[in-house]
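Close look at the chain arrangement
The primary structure of each chain is shown beneath.
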Amino acid sequence: MGGEPGAEAANAEAWDAYGAHHLRRGTALPEATRIDWGFAGGGPGSEVLGELTGRRVLDLGCGPARHAAYLARAHGALVDAVDASSGQYERARARYDSLPGLRLVLADAVEHLLTAEPYDVVYSVNAVPYMDPHRLLPALAGALKPGGTFCFTVLHTNSRGDGPSDRVSARPETLRLAGGGEVTVHMWVLAPELWTALLTEYGLRVEGIDVLDAPEDGNSASYRLFRVTRPVRVSSRPRVDRPPPAHAAIGVGAIVYGPRGLLLGRHRRGTWELPGGTVEPGESLQGTVVRELGEETGLAARPENVRLLGTLLDDAGGVVRMTVAARVTAWRGEPSDQPGESVGSWRWFALDRLPDQLFVCSAQALTLWRPGLPIDHTPAHVTPFGTGTGDG
């Protein structure tokens, strides 16, 4: 899951050249009267963004800021328009620098997202594929208010008919310049299923995907418009539709929480989970937490650093299932994927940015620990232990 800084650096250079070319050429663009997500006049317009009057909106990769100006002028939105290209920024300033409701920002998208106040709406017309999604999406999820909207378009098939990739990697594409010439960029042209998985991984929920095909015969170019929200509440689900086997119905969930956040891993069946597992015969509950933590993440802990918070009992397909929630107060090492384990991709999450689709037992354990967390799950019978749950 490594990033590709070389691709992003090449894109920054290409977009600077693109903006400088149009500055020199004095390219004149008409005022926007709608948002054209893919091709002029086709597909939906700004209605996919919802109510905009007085709301904080971010145009990510705004270019000359025509769409941002339209939303500020026609919809009364308070728009920040961000672009990393100095040439594109100067084009936007020359035209819209004094437009009420519009603020033009020259900045790297991720650096801006990490420091900005949260937005009600974020949108991007064809700029998202120029950024490493593993760098962009976590920052974007954190900068979007719970319940907020994120809409963006991505290239699906280029004019030559080259379709999307099933791997998270950038590939070269050609930008043709008005009046002649071209520049090479590197784009993440990914299959919709892969975009959906990435968005889900970073706590966002895909509500719909529109197909935007080129209107001309013989032009294979096609875009996808993603309509995405950041859930107000985090969902949970079972791993599978079947009930657990009886021997696996007693387990532990280990809450490892520190300055970097809460540790969660991705099960091969798609759920996000706490470290944990089933109790072996003759094993103490604290011993199970220590063993499972080491086996799944490589972290080392001592039984005396495990605080048992309580039991959660529910009924999974007729099997009474008991989960003991535990708080690990000290540990050593860095979490990493372990051979042969079904949970991996360990990451630290802020409590206000938990991913969707938590494993239901992990969700129950987390709300026992912190009852105010916005997590939905099937109910369980809770028996707190005498040590209480207020250990922070």
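The structure this text deals with has already been given above.
The present account deals with the structure reproduced in this document. Just so it is clear, the structure is predicted and the values come from calculations on it, not from any experiment. Residue indices begin from 1 for each chain and proceed along its sequence in written order. Totals for whole chains, interfaces and linings use all residues, but because this is a predicted model, local features are given only for residues with pLDDT of at least 70 and pairs of side-chain atoms are given and counted only at 80 or more. As a rule here, side-chain values cover all heavy atoms of the structure and leave hydrogens and water aside.

**Comments concerning the overall build of the chain**
Filter applied, for reference: The way it works is that DSSP assigns letters per residue, a run of H or I at least four long becomes a helix, a run of E at least two long becomes a strand, and they are numbered from the N terminus. Contacts are assigned to residue pairs that have any heavy atoms within 4.5 Å of one another.
Counting secondary structure elements, the chain contains 8 helices and 19 strands. Residue pairs in contact within the chain that sit at least 24 positions apart in sequence constitute 68% of those at least 6 positions apart.

**Some remarks on unusual backbone geometry**
Here Ser-345, not a glycine, exhibits a phi torsion of approximately 50 degrees, which is positive. Structurally, the position occupied by Ser-345 is in strand 17 (residues 343-349).

**A word on the nonpolar core**
Definition in use: The nonpolar core is taken to be a set of buried Ala, Val, Leu, Ile, Met, Phe, Trp, Tyr and Cys residues, with the residues joined through side-chain atoms within 4.5 Å. Classification of residues uses two cut-offs on accessible area relative to the type maximum, computed with a 1.4 Å probe and protein chains only: under 20% is buried, over 50% is exposed, and between them is partly exposed.
Ranked by internal contacts, the top residues of the largest apolar core, which has 40 residues, are Trp-37, Leu-49, Leu-71, Leu-102 and Tyr-123. Broken down by element, the residue count for this core peaks at 5 residues, all from helix 2 (residues 66-75). Judged by nonpolar contacts, the second largest core, of 33 residues, contains Leu-60, Leu-190, Leu-199 and Phe-226.

**Section: empty space enclosed by the protein**
Convention followed: Two kinds of site are reported from a 1 Å grid over the protein atoms alone, namely cavities, where a 1.4 Å probe fits but cannot get out, and pockets, open sets with protein on both sides within 12 Å along at least five of seven lines, and residues are called lining when an atom falls within 4 Å of a point. Grid points are joined across faces, edges and corners, and a volume is the space filled by probe spheres set on the points. Charged means Asp, Glu, Lys or Arg here, nonpolar means Ala, Val, Leu, Ile, Met, Phe, Trp, Tyr, Cys or Pro, and polar covers whatever is left, Gly included.
Applying the stated criterion across every chain, the model contains 1 cavity of 30 Å³ or more. Taken together, Ala-141, Tyr-202, Gly-203, Arg-230, Arg-353 and Leu-354 make up the lining of the largest cavity. The class makeup of the residues in the lining of the largest cavity is 3 nonpolar, 1 polar and 2 charged.

**Comments concerning helix 8 (residues 360-369)**
Within helix 8, 10 of the 10 residues are buried, which leaves the element mostly enclosed by the surrounding structure. Among all positions in helix 8, only Val-360, Cys-361, Ser-362, Ala-363, Gln-364, Ala-365, Leu-366, Thr-367, Leu-368 and Trp-369 are buried.

**A few points about the packing of aromatic side chains**
Our working definition: Under the pairing criterion, centres of Phe, Tyr and Trp rings, with the six-membered ring standing for Trp, must be within 6.5 Å; the plane angle then separates stacked pairs below 30 degrees from edge-to-face pairs above 60, leaving the rest tilted. Geometrically, a charge over a ring is one whose NZ (Lys) or CZ (Arg) sits within 6 Å of the ring centre while staying within 35 degrees of the ring normal.
Enumeration over the complete set of coordinates arrives at 8 aromatic pairs. Ring plane angle 70 degrees and centroid distance 5.9 Å describe the contact between Phe-152 and Trp-195, whose orientation is recorded as edge-to-face. Taken as a pair, Phe-152 in strand 5 (residues 144-157) and Trp-195 in helix 6 (residues 192-201) lie far apart in primary sequence, 43 residues in all. Of the residues examined, Phe-152 reaches a relative accessible area of 0% and is grouped as buried. Ring centres of Trp-331 and Trp-348 lie 6.2 Å apart, and the angle between their planes is 25 degrees; on these two criteria the pair is classed as stacked. Note that Trp-331 is positioned in the loop between strand 16 (319-328) and strand 17 and Trp-348 in strand 17, a separation of 17 residues in sequence. One aromatic cluster in this structure is built from Phe-150, Phe-152, Trp-195 and Phe-226. Its guanidinium or amino end placed over the ring of Trp-369, Arg-370 lies 4.4 Å from that ring's centre, counting from NZ or CZ.

**Side note on the sheet that holds strand 4 (residues 119-124)**
This is how the line gets drawn: We call two strands paired when DSSP finds no fewer than two bridges between them. Where helices are involved, their axes are fitted lines through C-alpha atoms of the stretch in contact, as for all axes, and angles between N-to-C directions lie from 0 to 180°.
In spatial order, the strands read 3-2-1-4-5-9-8; together these 7 strands make up an open sheet with mixed pairing. Because the sheet does not close on itself, it has two edges, and the strands there are strand 3 (102-106) and strand 8 (205-213). The mean angle between the axes of side-by-side strands here comes to 15 degrees, regardless of whether they run parallel or antiparallel. Here strand 4 runs beside strand 5; their pairing, made up of 5 bridges, is parallel. From the neighbouring strand, Val-122 faces strand 5, where its bridge partner is Phe-150. Contacting strand 2 (78-83) and strand 3, helix 3 (residues 86-96) crosses the sheet at an angle of about 155 degrees to strand 3. Helix 6 rests against strand 5, strand 8 and strand 9 (222-229) of the sheet, and its axis sits at about 25 degrees to strand 9.

**Here's the deal with helix 7 (residues 285-297)**
Each α-helix winds once per 3.6 residues, and so residues spaced three or four apart point in a common direction. This is how the line gets drawn: In this scheme, a helix's expected span is set at 1.5 Å multiplied by one less than its residue total.
Here helix 7 is 13 residues long and its end C-alpha atoms lie 18 Å apart, about the 18 Å a rise of 1.5 Å per residue gives. Buried residues of helix 7: Gly-287, Thr-288, Val-289, Val-290, Arg-291, Glu-292, Leu-293, Glu-296 and Thr-297, and no others. On its buried face, helix 7 is in contact with strand 11 (250-258), strand 12 (261-267), strand 14 (276-278), strand 15 (306-316), strand 16 and strand 17. Looking one or two places after helix 7, you find Gly-298, whose phi comes out positive at around 85 degrees.

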